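# Secondary and tertiary structure notes
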Amino acid sequence: MPPRRPGPGGGVTALRRAGRYDEARAYLADRSSVVRACARYVVRQGGGDPLPLYRALCADGVTAPGAAAGLGECGDRSDAGTVRALVRYPVPAVRAQAVTGLRALDAVTREGLGPLLDDPSPAVVRAATRALLPHAAEFPVAWLRERDAPDRPRATRVAARRLLRAAGLPLPRPAP
């Protein structure tokens, strides 16, 4: 039987066994939610608190995309404003992770994330669509159908169709 390879967070949790708790801070803003969770665990085991670290990362202008999601994962509703501001960040990966953070904080609104369906980044559009599915019935049907037009980017069209289906509305038939 081949030796088991450690999972995505295995290297981070090994820092705890080695007593190198402070080194886990470098993984708090990783793109992977598993790695971020392991890093938070190790930081806490070393007597630290990851929440102020996330708040500092997001307040100083995020450079690592996972910081926005990490703040959402361990923050509270008072952090929603900080994460919401990152939805307009110039780097698409940060915008997508900010949407993930808002989902974790249960702070998603149609008004706040609806404009992201027109984002130039397909990853941001996909993240916004996942977050907005529970709010699909709140969208004006005409607004969604406008985004399903052939001249729109594919990600936007797919998002509009997913939201129309989630709202229980019929999809337009393709032209013959």
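Report follows, based on the coordinates. Every value quoted in this text rests on a predicted model; they were computed, and no experiment measured them.

All right, on to the overall build of the chain then. If you tally the helices and strands in the chain, you get 10 helices and 0 strands. Going from N to C terminus, the chain has its helices and strands arranged as α-α-α-α-α-α-α-α-α-α. When the backbone C-alpha atoms are referred to their principal axes, the chain occupies close to 65 × 45 × 25 Å. Per-residue burial for the chain yields a buried fraction of 39% across its 176 residues. Across the chain, the fraction of contacts at a sequence separation of at least 24, relative to all contacts at a separation of at least 6, is 55%. Of the accessible surface of the chain, which amounts to about 9700 Å², a share of 53% is contributed by carbon and sulfur atoms. The centroid of the 28 positive side-chain charges in the chain is displaced by 7 Å from the centroid of its 16 negative side-chain charges.

Helix-helix packing is characterised by the crossing angle of the two axes and by the distance between the axes. Helix α4 (residues 66–74) packs onto helix α3 (residues 50–59) with a crossing angle of 140 degrees between their chain directions and a minimal axis gap of 9 Å. In the packing of α3 onto α4, the handedness of the crossing is left-handed. Where α3 abuts α4, its residues Leu51, Tyr54, Arg55, Leu57 and Cys58 lie against Ala67, Ala68, Gly70, Leu71 and Cys74. Here the residues of the contact of α3 with α4 sort into 8 nonpolar, 1 polar and 1 charged.

Now for the environment of Thr13. Topologically, Thr13 is positioned in helix α1 (residues 10–17). On the accessibility criterion, Thr13 (19% relative accessible area) is buried.

Time to look at helix α2 (residues 33–45). Relative to the 18 Å expected for 13 residues at 1.5 Å per residue, α2 spans 18 Å between its end C-alpha atoms, a close match to the ideal helical length. The complete set of buried residues in α2 reads Val35, Arg36, Cys38, Ala39, Arg40, Val42 and Val43. Where α2 begins, the capping side chain belongs to Ser32, and its oxygen is found 3.3 Å from the backbone nitrogen of Val34. Positive phi appears at Gly47, one or two residues downstream of α2, with a value of about 90 degrees.

So, about the side chain of Ser121. In this structure, Ser121 sits in the loop between α7 (110–113) and α8 (122–132). Owing to a relative accessible area of 11%, Ser121 belongs among the buried residues under this scheme. In this structure, Ser121 is in contact with Pro92 and Arg95, ignoring residues within four places of it in sequence.

Right, let's talk about helix α10 (residues 154–166) for a bit. Helix length check: α10 (13 residues) gives 18 Å between terminal C-alpha atoms against 18 Å at 1.5 Å per residue, within 8%. Those residues of α10 that sit buried are Ala155, Thr156, Ala159, Ala160, Leu163 and Leu164. Where the residues of α10 are buried, they touch α8 and α9 (141–147).

In the structure shown here, the tally under the stated rule is 1 aromatic pair. The interplanar angle of 20 degrees and the centroid separation of 5.4 Å between the aromatic rings of Phe139 and Trp143 together place this pair among those described as stacked. By relative accessible area, which is 5% here, Phe139 ends up buried. The aromatic ring of Phe139 is capped on one face by Arg110, whose charged end is 5.8 Å from the ring centroid. Residue placement shows Arg147 over the ring face of Trp143; its charged tip is 3.7 Å from the ring centre.

A word on a positive patch on the surface. Taken together, Arg103, Arg126, Arg130, Arg162 and Arg165 make up a surface patch of like positive charges. Of all the secondary-structure elements, those providing two or more residues to the positive patch are α8 and α10. In this structure, Arg165 sits in helix α10. Take Arg165: its relative accessible area is 48%, and that puts it in the partly exposed class.

Analysis parameters
- Residues numbered from 1 in each chain as written.
- Predicted model: local features only at pLDDT ≥ 70, side-chain atom pairs only at ≥ 80, totals over all residues.
- Heavy atoms only, no water.
- Helix = DSSP H or I, 4+ residues; strand = E, 2+ residues; numbered from the N terminus.
- Buried < 20%, exposed > 50% of the residue type's maximum accessible area, 1.4 Å probe, protein only.
- Contact = heavy atoms within 4.5 Å.
- Areas by Shrake-Rupley, 256 points an atom, 1.4 Å probe, with all protein chains shown as cover.
- Lys, Arg positive; Asp, Glu negative; His and termini not counted.
- Charge placed at Lys NZ, Arg CZ, Asp CG, Glu CD.
- Axes fitted to C-alpha atoms, helices over the stretch in contact; angles between N-to-C directions.
- Left-handed = near helix turned anticlockwise from the far one by under 90°.
- Nonpolar A, V, L, I, M, F, W, Y, C, P; charged D, E, K, R; others polar.
- Expected span 1.5 Å × (residues − 1).
- Polar contact = N/O pair within 3.5 Å; in protein donor to acceptor, adjacent residues only side chain to side chain.
- Phe/Tyr/Trp six-rings, centres within 6.5 Å; stacked < 30°, edge-to-face > 60°.
- Lys NZ or Arg CZ within 6 Å of the ring centre and 35° of its normal.
- Patch = residues over 30% accessible without salt bridge, like charges linked within 9 Å, V, L, I, M, F, W, Y side chains within 5 Å.
- Salt bridge = Lys/Arg side-chain N within 4 Å of Asp/Glu carboxyl O.

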